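# Examining the three-dimensional arrangement
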Amino acid sequence: MPDKSTSSDAPAPTAAETPQAPSAARKIYPIVKYGDAILDKPGAPVKKFDAELEQLAEDMFASMYAAQGVGLAAPQIGLSLRLAVVDVTGGKNPEAKIVLANPEIVHAEGEVREEEGCLSVPGFRGYVLRPQFVTIKAQNAKGEAFEIRGENLLARAFCHEIDHLNGILFLQHLSMLKRDLIKRKIKKLRKQGEW
Ligand SMILES: [Zn+2]
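For clarity, every value in this text was computed on a predicted model and none was experimentally measured. (Residues numbered from 1 in each chain as written. Predicted model: local features only at pLDDT ≥ 70, side-chain atom pairs only at ≥ 80, totals over all residues. Heavy atoms only, no water.)

## A short note on the side chain of Asp59
Of note, Asp59 is situated in helix α1 (residues 51-66). A residue is classified by how much of its surface remains accessible, and Asp59, at 9% relative accessible area, is buried. In this structure Asp59 touches Arg26, Lys27 and Tyr29, once residues within four positions along its chain are discounted. (Helix = DSSP H or I, 4+ residues; strand = E, 2+ residues; numbered from the N terminus. Buried < 20%, exposed > 50% of the residue type's maximum accessible area, 1.4 Å probe, protein only. Contact = heavy atoms within 4.5 Å.)

Put into structure tokens, the structure is as follows:
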């Protein structure tokens, strides 16, 4: 997902200064990287809304803040579930925390081409065309349905996370040339045991 300076979940330079609530009680999940098949698989709908799901969502926020991202989808922590969290303030504003269970885009408008990255593809970024405005419908961690409209970075984060829930990575939106270049570099890193 997008970071706060531009538009990806890659580390943001200012994130280190962001005061984070201590997450001692929270589980910090390791983030699954590109190459793991779970990232290519559409998630199963969230059906059970209980205390466990609320805990999971909070643990996902903690994991996302720990990785200095602004969005995290369940497949990125190895769970094939249509659940994602987004906070484009990077933890600065508790009211900006958005839990998306079973999100769907209901309206999209405009186009913005901006650089984007992904916590599952660390160290790589690329320009992706996304809608400038999107309205999505989703359920919160309690199962309550809501609609929310996002603009620019928030719209990008919604689209990026919903893509994850459909088994799509931002790499698929890049030119074939750029995508192949990144894939080759990752392959090299993997050979060196650095991926
Ligand atoms: Zn991502």
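Moving on from the coordinates now.
## Focus: the sheet that holds strand β6 (residues 133-139)
In spatial order, the strands read β1-β2-β3-β6-β7; together these five strands make up an open sheet with antiparallel pairing. Among the strands making up the open sheet, the edge pair consists of β1 (71-73) and β7 (145-151). Within the sheet, the average angular offset between the axes of one strand and its neighbour, ignoring direction, is 35°. Inspection of the sheet shows strand β3 (residues 98-109) paired to β6 by six bridges, in the antiparallel sense. Across the sheet, Glu109 pairs through a bridge with Phe133, a residue of β6. The sheet contacts of α1 involve β1, β2 (83-86) and β3, and relative to β2 the element is tilted by about 45°. (Pairing = 2+ DSSP bridges. Axes fitted to C-alpha atoms, helices over the stretch in contact; angles between N-to-C directions.)

## What about the packing of aromatic side chains?
A complete count under the given rule lists two aromatic pairs for this structure. When the centroid spacing of 6.2 Å and the interplanar angle of 25° are considered together, the rings of Phe61 and Tyr65 count as stacked. Note that Phe61 and Tyr65 are positioned in helix α1 at a spacing of four residues, about one turn of the helix. Here the two residues Phe61 and Tyr65 agree in accessibility, since each one is buried. (Phe/Tyr/Trp six-rings, centres within 6.5 Å; stacked < 30°, edge-to-face > 60°.)

## Focus: the coordination of the zinc ion
The coordination sphere of the zinc ion, as far as protein atoms go, consists of Cys118 (SG), His160 (NE2) and His164 (NE2), spread over 2.0 to 2.2 Å. When the donors of the zinc ion are listed by position in the chain, the intervening gaps give C-x41-H-x3-H. With Cys118 in the loop between β4 (112-117) and β5 (125-130) and His160 in helix α2 (residues 153-165), this residue pair connects regions lying 42 residues apart in the sequence. Note on accessibility: Cys118 and His160 belong to one class, buried. (Donors = N, O, S within 2.8 Å, 3.2 Å for Na, K, Ca; no water.)

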